[in-house]
Amino acid sequence: MHRARTVLKQIVPLKPHLGLERFAPWCYPAEGAVAVLWKSQIHQKRHYNAPVATEPFLNGSSSAYVEEMYNAWLRDPKSVHVSWDSFFRSTSAGAAPGQAYSPPPSLAQAPRNTVPISALAPFIGGGHASLTSHVDEKVIDDHLAVQAIIRSYQARGHHVAAVDPLEINYGDLHGGYQKGKGAPPELVVRNYMLEEKDMDRVFKLPSTTFIGGKDKALPLREILNRLENAYCRHIGVEFMFINSLEQCNWIRQKFETPGIMEVDNEQKRLNLARLTRATGFEAFLARKWSSEKRFGLEGCEILIPAMKQIIDKSTELGVESIVMGMPHRGRLNVLANVCRKPLEQIFTQFAALEAADDGSGDVKYHLGTYIERLNRVTNKNIRLAVVANPSHLEAVDPVVQGKTRAEQFYRGDGEGKKVMSMLLHGDAAFCGQGIVYETFHLADLPDYTTHGTIHIVVNNQIGFTTDPRHSRSSPYCTDVARVVNAPIFHVNSDDPESVMHVCNVAAEWRSTFHKDVVVDIVCYRRNGHNEIDEPMFTQPLMYRKIRNTKPGLDKYADRLISEGVVTPEEVKDVRDKYDKICEEAYTNARKETHIKYKDWLDSPWSGFFEGKDPLKVSPTGLKEDTLVHIGKRFSSPPPNAAEFVIHRGLERIMKARMEMVENRTVDWALGEAMAFGSLLKEGIHVRLSGQDVERGTFSHRHHVLHHQNVDKATYRPLCFLYPDQAPYTVCNSSLSEFGVLGFELGYSMTNPNALVCWEAQFGDFNNTAQCIIDQFISSGQAKWVRQSGLVMLNPHGLEGMGPEHSSGRVERFLQMSSDDPDYFPPESEEFAVRQLHDINWIVANCSTPANYFHILRRQIALPFRKPLILLTPKSLLRHPEAKSSFDLMVEGTEFLRLIPEEGPAAGNPDAVKKVVFCSGKVFYDLKKSRDEKKLTNDIAIARVEQISPFPFDLVKKECAKYPNASLVWAQEEHKNQGPWTYVQPRFSTALNDTRDIVYAGRPTAASPATGSKMTHLRELNQLLEDALAL
Ligand SMILES: Cc1ncc(C[n+]2csc(CCOP(=O)(O)OP(=O)(O)O)c2C)c(N)n1
Ligand SMILES: [Mg+2]
């Protein structure tokens, strides 16, 4: 293949001066022709920064054709025509492409590789005998020119298609000729060396086109007409970059086949009715709440029929559930007219009503919804969810994918036939936000794929006040989708039938290939960014044009009236009926006294909360037998061990694990495996995802064993603990935090009876996912009454590894914790669980494997779900003291929010002079230093394991035990970081301001850790000195 590419590089040069004119002159039309228009006008009018228009169209499938020829020739030189044989022989011998060339046969005939020139005779009117070399060249050139024309339409038709309803950026590339109508056929022909007199000549069609239908040959005039229809009307089909010939052919067929875009009257009436509702909805809101922001859809009302068409087609093809993510624009309309959310519920959002349930709520154009209903067109039941999203554009993309993936997983829908995702985008956000790219890259990963997403871009050619030329460097706003070989259909919003056609093709594409696809609806925004915004300040000419543009509904209604499909009375009737529906809903909504956030929940967990004591936590301790069983299985090679060759180092690790089990102890990895394994046993699906999690960044986990002699043969011990256990998924992710954390959050939303964990490679990297943390994990329940038990594992600890491998930034999570520093909740049996119930998330830094084990299990034992932010260790993974006995994990044991001093100091508390409180790994440093200093009687050390919600009760108790001691908080993080600023006021509250606690630790700093090992050690010594000074 490499050689094929090398040859290809020689024969498909990028610039004409390399001698290509001689080989394929049709690639380089004469100056002054269309190519020049493409080069110059596209660049100016569309403000391209990237010179796409100068890229030769032969780079696409025809290079694939040559490559195919070359590969066939490599396998058997006789399998290709003699001219190709001679050409490849010469180029392989080092001849320049021009010299190597002797005319090859037509690019595509059947059977492809062996077509002699004589085969063209019937189509060129000459007798076989008269095909002298002179004639041959003309005939071949003409046929190749026709092929090049076909190919140019396929590859570049989208550049000239009339897809812009405003005719500003698209469709007027031929302004001087036929404004807004696409390229006149003559223009293209003239540029490919054929003349008017050739128009009625019949040319054989290559196998790479379907314009002929049953005809194998057509007159040039007809060829051009059909190509115009397929590629240069209101649809711009961008697909020739796709690597698969099969997929390219599939698309060609969907647009080129004669009559394929014809629509019957019933469909036309349906389009009109749907467009009427979409338009009527916005008009109704505008009338009733003229000064309210709603981010209306005016200018792209066709979005609603488009989505419905995709849903219809997809349901027809077997889909039963669609998970959608979308931004502000048109959201209310989607809820009303796509999901059919009761209009009353939507309208009550405009009234300033109290909420009848918990939560702080969100603005109406961010809320989610979940609906199960009958699809009237297909008569099948369908579930539609619109996932709630923050203002942060595109952030919801990976969340939708995770939720979709989870739904597919639980339904056993391994190919995405039943559940699919649909993502909507604005043009500016689609190209501007990096998360779009990160999400696309999950598309084909085995543990993250949703088997194809349908993307719809509401391309109103503006982002707030910014023109595309200032918001992107790519020619199209959709170019990001090319990375996954997604076909892209640009379509004019004012042609509903073209829009519906691409929607059908998109749904069929997904159903056929299970890959992503993009529908780019080129439209406009009739109002300002929102309804109270003045667009004339910044886009005066565009908006003058918009004012003079008839609404899409009116255009379509006029068309159908003129076609005789509907009467003006029918059009009016449909409009009036919908208006009446809105009015009735409006009257009902005015009777409402409260809004209910629960009406806007995107992921209901039916049956989960019902009948549960909301404050009862199930036990987390386990029978010793279970610990032993899981421990042994986890430490054993695969059952067919004789054949499965394990790495020597791993054998040692497994042996050590087995010894630990025999000694009734666990280290970190074993404790984690027991938590996971026991949940699996209880039927709880466990999923662990993140970068390199299978082995573990620190090579401690080894959840996937690799056969040393057989590629990709692996064994996952935790998948084989019990015959009837729940499935365990452990998966290395792409190198993305924003995308993957968002995905796992979405995954966790589908089913509360699953433990979904995301692990950062180092905690430091979690800030590239900050938006997911801030906008979803921390605040999701408050805004959208949606719970999640997601676990974030953030390796954390200052160990001299420099500024970017030290801190999971616990201070940030703590700062976002919603518990009140000045409020000591009433002490009772239920103190701990009530605190958990009331807070937005849990932040903990466990210092023992047993506590890690319990806190993981507690996630599921709780009667509700809260995100768990865990700071996890690095050096403790192998620290000889960071081990736990089975005694701390068996029945009757539980998670310890605070681990009190257990040594000599605890035996004689009155004599203790100081109590050092700390959290996490620094405990072991403090303990060692204290013991070395022989201060075990004088200093007690207590560990706050659950930092938030703060264990007020236990802190109070621990302090009370040592009445004569001074109190210190010791932390290894710098003073403006770590838990200090969070714990300080809470200690005061716990102690009712009767005792002070002082800080011992590193001074404030801008960076989380020093880059110098020496400075690190000096700082550590200083902190130990300060903390333990008496
Ligand atoms: C991540 C992010 N940055 C900035 C904004 C502020 N903002 C809201 S809408 C908007 C323009 C969006 O343009 P586009 O994606 O084209 O959607 P449209 O409003 O045109 O439908 C901007 C910049 C935001 N919401 N999210
Ligand atoms: Mg826009």
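Residues numbered from 1 in each chain as written. Chains lettered and ligands numbered in written order. Predicted model: local features only at pLDDT ≥ 70, side-chain atom pairs only at ≥ 80, totals over all residues. Heavy atoms only, no water.

Chemist: Can you lay out the coordination of the magnesium ion (ligand 2) for me, pointing to particular residues and giving the numbers?
Modeler: At the metal site, the magnesium ion (ligand 2) is ligated by Asp427 (OD), Asn460 (OD1) and Ile462 (O), and these contacts range over 2.0 Å. In the primary structure, the donors to the magnesium ion (ligand 2) are separated according to the pattern D-x32-N-x1-I. One end of the pair, aspartate 427, is in helix α18 (residues 427–432); the other, asparagine 460, is in the loop between β9 (453–459) and α20 (468–471), and 33 residues separate them in sequence. A single burial state applies to aspartate 427 and to asparagine 460, both of which are buried. (Donors = N, O, S within 2.8 Å, 3.2 Å for Na, K, Ca; no water. Helix = DSSP H or I, 4+ residues; strand = E, 2+ residues; numbered from the N terminus. Buried < 20%, exposed > 50% of the residue type's maximum accessible area, 1.4 Å probe, protein only.)

Chemist: Before we move on, can you summarise the pairing of strand β25 (residues 939–944) with the specific residues and values?
Modeler: Among the six residues in β25, six count as buried, and that is most of the element. The side-chain alternation of β25 yields two buried faces, one formed by Ile939, Ile941 and Arg943 and the other by Ala940, Ala942 and Val944. Sheet analysis places strand β23 (residues 898–899) next to β25, joined by two bridges and oriented antiparallel. Its bridge partner being in β25, leucine 898 is matched across the sheet by valine 944. Alignment of strand β24 (residues 914–918) against β25, held across five bridges, turns out to be parallel. (Pairing = 2+ DSSP bridges.)

Chemist: Explain the pairing of strand β10 (residues 488–492) to me, using residue names and the numbers behind them.
Modeler: Within β10, five of the five residues are buried, leaving the element largely enclosed by the surrounding structure. Across the two faces of β10 the burial is the same, with Ile488, His490 and Asn492 and Phe489 and Val491 all buried. Across four bridges, strand β3 (residues 235–238) lies against β10 in antiparallel orientation. Along β10, the bridge assignment pairs isoleucine 235 with valine 491. Here five bridges tie β10 to strand β11 (residues 517–522), and the two strands are oriented parallel to one another. The partner of isoleucine 488 across the bridge, within β11, is valine 518.

Chemist: An account of the sheet that holds strand β26 (residues 946–948) is requested, with residue identities and associated values reported.
Modeler: Judged by pairing direction, the sheet is mixed, and its seven strands sit side by side in the order β17-β14-β18-β19-β21-β20-β26 without closing on themselves. With one partner strand each, in any of the chains shown, β17 (728–732) and β26 form the two edges of the open sheet. Averaged over all pairs of adjacent strands, the angle between strand axes in this sheet comes to 20 degrees, irrespective of strand direction. Here strand β20 (residues 842–845) runs beside strand β21 (residues 868–872); their pairing, made up of four bridges, is parallel. Across the sheet, the residue bridging to valine 843 is isoleucine 869, located in β21. (Axes fitted to C-alpha atoms, helices over the stretch in contact; angles between N-to-C directions.)

Chemist: Just give me the short version of the packing of aromatic side chains, but keep the residues and values in it.
Modeler: A complete count under the given rule lists 35 aromatic pairs for this structure. Ring centres of phenylalanine 284 and tyrosine 586 lie 6.0 Å apart, and the angle between their planes is 80 degrees; on these two criteria the pair is classed as edge-to-face. Separated by 302 residues along the polypeptide, phenylalanine 284 in helix α13 (residues 265–288) and tyrosine 586 in helix α24 (residues 568–591) bring together distant segments of the chain. On the basis of an interplanar angle of 55 degrees and a centroid distance of 5.4 Å, the ring pair of phenylalanine 813 and tryptophan 841 is categorised as tilted. Remark: tryptophan 841 occurs in the loop between α32 (831–838) and β20 and phenylalanine 813 occurs in helix α31 (residues 810–815); sequence separation between them is 28 residues. Neither phenylalanine 813 nor tryptophan 841 differs from the other in exposure class; each is buried. Counting every residue linked through ring pairs, the aromatic cluster contains Phe824, Phe831, Phe917, Phe950, Phe952, Trp969, Tyr982 and Phe987. Geometry around phenylalanine 923 places arginine 943 over its ring, the cationic atom sitting 3.6 Å from the centre. (Phe/Tyr/Trp six-rings, centres within 6.5 Å; stacked < 30°, edge-to-face > 60°. Lys NZ or Arg CZ within 6 Å of the ring centre and 35° of its normal.)

Chemist: Give me the nonpolar core: which residues, what numbers.
Modeler: If you look at the biggest cluster of nonpolar residues, it comprises 179 residues, and the most contacted ones within it are Leu303, Phe347, Ile521 and Phe917. Sequence-distant contacts of phenylalanine 347, defined by excluding residues within four places in its chain, comprise Phe281, Phe284, Leu285, Trp289, Cys582, Ala585, Tyr586 and Ala589. Counting 53 residues, the second-largest nonpolar core is a separate cluster that includes Phe634, Val666, Leu688 and Leu870. (Core = buried A, V, L, I, M, F, W, Y, C linked by side-chain atoms within 4.5 Å. Contact = heavy atoms within 4.5 Å.)

Chemist: How would you explain the sheet that holds β25 if you had to name every residue and give the values?
Modeler: Taken in spatial order, the five strands of this open sheet run β23-β25-β24-β27-β28, and their pairing is mixed. The open sheet is flanked by β23 and β28 (997–1002), the only strands paired with a single partner. Two elements, β24 and strand β27 (residues 966–974), share four bridges in a ladder whose sense is parallel. Following the sheet pairing, valine 916 is matched in β27 by valine 968. Where helix α38 (residues 1013–1028) meets the sheet, it contacts β24, β25, β27 and β28, and its direction lies at approximately 160 degrees from that of β28.

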